[in-house]
Structure formats: structure tokens, C-alpha cells
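# Observations on the three-dimensional arrangement
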Amino acid sequence: MKFTLSWLKDHLETEATRDEIAARLTALGLEVEEVVDQAAALAAFTVGYVISAEKHPDADRLRVCLVDSGGEQVQVICGAPNARTGMKGVFAPAGTHIPGTGVDLKAAKIRGVESNGMLCSEREMGVSDEHEGIIELDDDAPVGMPYAELMGLDDPVFDIAITPNRQDCLGVRGIARDLAAAGVGTLKPLQIETVTGTFDSPIQWRRDLPAEEGHACPMVVGRLFRGVTNGPSPDWVQQRLRAVGLRPISALVDITNYVTIDFGRPLHVFDADKLAGDLTMRFANAGESILALDGRAYDLDPEMTIIADANAVHGIGGVMGGENSGCTAETKNVFLEVALFDRVRTAATGRKLQIESDARYRFERGVDPESVLWGAEVAAQLVAEFCGGEASALTIAGEMPDWSHTVPLRLDRVKHLCGVDIPAAEQKSILERLGFTPEGQGATVEVRVPSWRVDVDAEADLIEEITRVYGYDRIPVVPMTLDTALPPVAVTPAQRRTRQVRRAIAARGYDEAVTWSFCRADHAALFGGGNPDLTLVNPISADLDVMRPSILPNLITAAARNHNHGEGDGALFEVGPQYCDDTPAGQDLVAAGVRAGRTGPRHWYAAPRDVDVYDAKADAIGALTAAGAPVDKLQVSTDAPSWYHPGRSGGLRLGPNVLAWFGEVHPRVLRALEAKAPMAAFEVFVDKIPRPRAKDGKKRPLLKASPYPAVERDFAFVVDEAVPAEKLVRAALGADKDLIAGVSVFDVYGGGGIGDGKKSLAISVTLQSAARTLTEEDIDATSDRIVANVSKQTGGALRD
């Protein structure tokens, strides 16, 4: 939102300086992004008097001018046809930067004659595109006076950032109201006189909207002006519009832009002679289109509010008018539109058509509903002043929406929410200065909200208004007292565990990826997804239309894309959510990873191989270990989901709870995801890992190192093929918990000499005592217990 200081002073009686106003605006929450001093760029330009203008001795179209700049006489070579003796123009000395052309002016010889400056055109000054001649100033313009001061261009321009809830400050009047409430001057009374129409408008407003959709345009007001002269608007209007970045077009169009900036009230005018009968507010019909004022054609749909006569569409409600009914210099009769439009529908229409306009910017944030009436009067006054003509009586369709409401305010809540004790009388005074009306006495008052504050509907909104005007800088600084000598831990155990899992997986050679929480519907179906409740109504793209049931499809797709770019071997992981339904309980935090291609670099001591199920299992166990899971108590199952290769996958369980899936990715899934390299993957369900019960958060037992030597013994057992190695290891460990320090499998054999349906499992057992050196008798006794326990629990027997 841009405005000039003089424009602000039309509404605010103040002696505050530019810097004081800027500081107070920012303190009020209207952050000043920039204050532009227009005069600074024009400081070198002054009023010059042409003492003489003689023909150049060596060029027919050039004149040698002697210019009095107020302090000295300077010779200038000028090619403008209107350069003549006795005129006054805008003089720029050598060394001046010319804003309109971007040229730095230098002293030079032109056809052998020295020139030490120039007389400027409007284009060179950046005022307009006119460059047929130099600027001619009035005869009474003081010689040597700065041009910016003479033309009123020494008016600072404020550029402030408006938050979406402050639609009342999208007009200079609203900004002035805020400053007055904060004590930076006095708000001037708004003088709006009622214009009495002298005839009935031959064009009437109509509304053709379903009753349930009447809010699309609840009310529209208009009037016809006949006999107008649509010439240029006054210079002061043009200067202000240019200062805020708008291009003056004609008096009628400039009036609509001026009122939009001045009051935050968008208007539109139609050339009445280009309309066919009455204008109707309605929804567009399928197939209708409009050539808009920006010169582009737009296709409309039945969700859009439009303005049409009997023959064509002439406006997109709240967004932009049509080119075919626009006002030109030949316009003699003009019809005014002052309407209310639904915020949501206006925003949706503008977004769908990709139109950014000042009208849309304001309507989608909300305009003062009362302005639909007084806006017509403001426009009528300006049309009469700038264009003459005769105004008709108002034509109105629809009714004023019931905007009036009150909000209860507990006066003690300001202190509770904002930490500052503001007296009740001052709270009421601040609200009154902002246009609110507090009613009642006591601890709670009812506050009537003004029409221009459509954003205020709760007590917290009123408290915000009171506090920002009172001053955030006046809130006392209060030290925070701690209950303990140390601050509380900011990271929860669950968050800490997630970080540990992420670091552990990265340490295993994985690169972390951050993918979308969505995926393609056909990809989701491969991983048990496809729940209609997880389909997105408004996806960001067609191939991201469902919430992901697993992180793996995104990781596999990314790994396949890397493979296509020549990076076939690699490992990607992500820690994030996946979804099985649309309830909070249906969201799981999962650490998932994918290894692709072959393991490790080529080297003399280890040949690379394709990734397999054991890589995935090791990665899953590494992540579970980092999370504090009781890895030594986990059971391995073979019931991994269908996206894993059967017989080359499994699960890690703790009782009935699945803590992880791992295995090679099914070839069918790889083909569907267009992945060519072999891949192994794992999924660790972080939230299902039991948390440690100890209050101090210890996850590992105290290390008790034995000073006595350890002894290793190897055993080979013949068991049924269906017996998992894990079961045999647990049986060996349980044989003697005091002396057995560890058990590991080092060989699996099946074939000749073993028997059909049998296999040989060889284990290494580490024996160690914390109290003494083991004797042969101790070792033999423990060995016998191991054989007995394995035989009892697995049916295995020592291999011959």
C-alpha cells in the first residue's frame, strides 16, 4: 500500500515529521518497507529562463540557448522545436542523472559548439512519455527554484506492508485513522455530501442469483452521468497516482483508481452508450468469455460472478471490467458500479483466471459494506468536479448485509494475555478512537464493531487492537523465573530418539532424502494404499494425488531416477510420516531406507555384490539399536508385506508388535515403478518401539568388565530346515546365563551327509566368569547344558 505525505494529510491533521510517522506506523503493525523521497532524484533540476535561443551555425534543427539557471548563465544546445527566447523550462546542469532515459549528462561539443546542460522534456524527467518538445513552465515560475518543489514532487511516498487482516488500511483514510488513534494528529471529519439525482437512470441494476448464493453479490449501487467530458484529470490527481505507481488514463478512470486508494473502495465505470439495456449481476454461463481491460480474453465458468447486459459480459465481479464497455475520451454518458462481492468467490475467481488487480486485492480481504452507499456519493462529487455533466438518482439492487455485531470484552483480559496493565478508561478510549463503540459498565463491556473492521469478531481481536495502539514497546520486560537451576529439556525423548535413528542410518552410508507426503494413486496401491479417504481434493499436481501409505515408493522412485542419471549404486533414507487412514491414529512415524544396485566400491579385498535381504536386515537392526529397542529380544518372522520379495524378506517383532519390515523389493513392484537396479529396503516403525522405563532415561546396562579370560567353544547342531537360527541361538544363551557371554552363528550347511529336510547350524559360544578363571570342569558342564537345552527347545542334535 503506497501513499504520499500530502495525501495522508488530507485526512490527518498533524505536525509529525516523515520519520515520526514512519516509526509510528511500524509500531502500529503497519510495517513501513520504504519511504521514497521523490525530490532527491530531481534535486539538480531547476527552473531555467531562456535568455536567447539562436540557430546553431552548423545544424538547422538545433538552437544555441543561453539559459539563466538562477545562479549562473549556461550555454545549452537544444533540438526541441518549442525552444525559444523568453520561455521558462526545466534545466539540468552537466553531471546530472536523467531519470527518464538513465543517461548521465556530460558537458560536450555538439557540431563544434559547447553544451553544458540540457532543457528537459517530460519523458526525460520521467513524468510521462511526451518527448516532442521540452517542458514549458508558467511565466511566474521563479528562476532557480527546484523543479520538484515547484511541481509538488517533493512529497515523500510511504510504502507499507499490509497484513491480510487489516483490509481497513488498504485506503489512506484507514491509515490516518490508525495514526490518529495512536496520537499522531487528529482525524479530519469525512465530508460526504449526498448528490441528488435530477433524473431516473435509464440503466438499472438487476440481480439474478439463486437465493442460497445471494452473498455472491448482496448489494450493488449505481447511477448514470450524462453529458460528461472525459479529459485528463487534474494535475494533483495525476501526481498522486503516479507517485503510488498508477498510470493516469482519463478523468473517469482516474476517479475510480483514486477512490480505491483514498478510501479502499473499488469502483468501476461503464460507457453507457456501449451497453444494451440494464446490467445484471449473475453467474457466468458455460462457454461465456470476456475481453478484459488488460487486453486479454478470459473463459468464464458458472462459479464466477459476472456483470452482463442483454448481449454480452462486461465485467468479472470484484476482479476486472471489460474492454468493450470501457470509457474513452469520446465517452459522454457513463454508468457507475459500486458493488459488494463475496470474498471467497472473488479470490477463487481471480486465482483461477490468474488476474491480479487492485479491486480483487481489496474485495478478497473485505471492504466496508457501508461504502456501497457512500462510495456512490464520493464518486458523484468527483465526476461533477472533474468532468461536469448531470447525475441521475441511484439505482440499487439487493440489500445491505447485516454486518452489525458486538463482541464482549473482559477488561482484565488485556493484562492476562499481553502482560500490560492498561486502565479500563484508556482501553475504552483507544477503541473509540479506532471507531469502536464500547457499551456498558463493569468488568465486561459489549463493543460494537464498525463496518470497516470486518476482521474483528472475537475478544482477542479487540485486545490486539488495544495493545498495538497502546504500544508494544510499553509492555514491561519481565524476567522469567525458573523452577530449577537448569532450564527444562526442550527436546522430548521421542524427538531425541528420532534424531538418534536419523544419525545412525546416515552413519551406515545412507543419504537423507525429503520427499512429498503424497504419491501417485497407482503407486500407493502397490504398497497397500488406495484408501479413498486419503485422496486429495486439491492436489498440487496430478501425480501427487493421495497421501502416501509408505515412504518406500517415493524413495524407490528417487533411486530409480538417480540410476537413470548414471548413479545406480546408492542408499537413500527418510524419517517421516506415512498414512493408513485419515485419523490421527492412522499416521505412523517411520524410518525407511532403500539400497540400490551393488554394495561398496570395487576393491582388491572385496568384490562388489548386489544388495540383498541381509543388508536391509542389518540396517533395520542398526536403526532399532539406535532407538533403544531391545534387539536381543526381537523375533524374526517371514510375513513381510507383498511389496517385499517372498523368501527374501522378514519382520522384526516384539511379541505381537511389528517394529520393522526388511527385505529385497519385489520385482513386480520395481517394474511398476520403472526401477531397473535391484533394491533392498527396510521400514522401522519408530513410534512402536517401547520407550525405556527408567526415569533417568538410561537405555544400556552398566558395563561390568571381567578381569578373567574368556573361552570360545564351537558347536554344530543338526536341526530341521524349518528351525530358524535365532531359536537355536536363544536356546544356547539360556543354557547358563552366568557363564555364557555371547552366541553367534558362523556356518549353515545343508546337503550330503545331513539328511533330507535337515540342516547344520554351527555356533560359536563365548564363556566367561566375572568371579574366577574357568576350569575344564566348568567348561564341560556348561557345554553339556548347552547341548541339552538346544535339544530340548529345537530338537537338534550334535553333528557327528
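Details of the structure are given in the entry above.
Throughout what follows, the structure given in this document is the object of discussion. (Residues numbered from 1 in each chain as written. Predicted model: local features only at pLDDT ≥ 70, side-chain atom pairs only at ≥ 80, totals over all residues. Heavy atoms only, no water.)

Per the counting criterion, the structure on display carries 13 aromatic pairs. With 5.6 Å between their ring centres and 90 degrees between their planes, Trp-236 and Tyr-258 make a pair best called edge-to-face. Residue Trp-236 is located in helix α7 (residues 235–243), and its partner Tyr-258 is located in helix α8 (residues 251–263); the two are separated by 22 residues in the primary sequence. Judged by its relative accessible area of 8%, Tyr-258 falls in the buried class. (Phe/Tyr/Trp six-rings, centres within 6.5 Å; stacked < 30°, edge-to-face > 60°. Helix = DSSP H or I, 4+ residues; strand = E, 2+ residues; numbered from the N terminus. Buried < 20%, exposed > 50% of the residue type's maximum accessible area, 1.4 Å probe, protein only.)

Bringing the nonpolar core into the picture now. Counting 99 residues, the largest nonpolar core has Leu-8 and Leu-25 as its most contacted members. In terms of residue count, helix α11 (residues 371–387) provides more of this core than any other element does, ten residues in total. Once you skip the residues sitting within four places of it in the chain, Leu-8 turns out to touch Phe-3, Ile-21, Val-172, Ile-175, Ala-176 and Leu-179. Core analysis: the second largest hydrophobic core is formed by 28 residues, Ala-560, Ala-596, Val-669 and Ala-675 among them. (Core = buried A, V, L, I, M, F, W, Y, C linked by side-chain atoms within 4.5 Å. Contact = heavy atoms within 4.5 Å.)

At Arg-111, a residue that is not glycine, the phi angle is positive and equals roughly 55 degrees. Tracing the backbone through its elements, the reader meets Arg-111 in the loop between β10 (108–110) and β11 (113–115). On the basis of relative accessibility, which here comes to 53%, the residue Arg-111 falls in the exposed class. Residue Glu-674 is not a glycine yet carries a positive backbone phi of 60 degrees. With respect to the secondary-structure elements, Glu-674 resides in the loop between α19 (667–672) and β40 (679–685). For Glu-674, a relative accessible area of 65% corresponds to the exposed category.

It is worth spelling out the pairing of strand β17 (residues 268–271) at this point. Taking every second residue as pointing to the same face, both faces of β17 are buried, with His-268 and Phe-270 on one and Val-269 and Asp-271 on the other. Relative to strand β24 (residues 333–339), β17 is paired through four bridges, and the arrangement is antiparallel. Residue Phe-270 lies in a different strand from β24, and its bridge partner there is Phe-335. (Pairing = 2+ DSSP bridges.)

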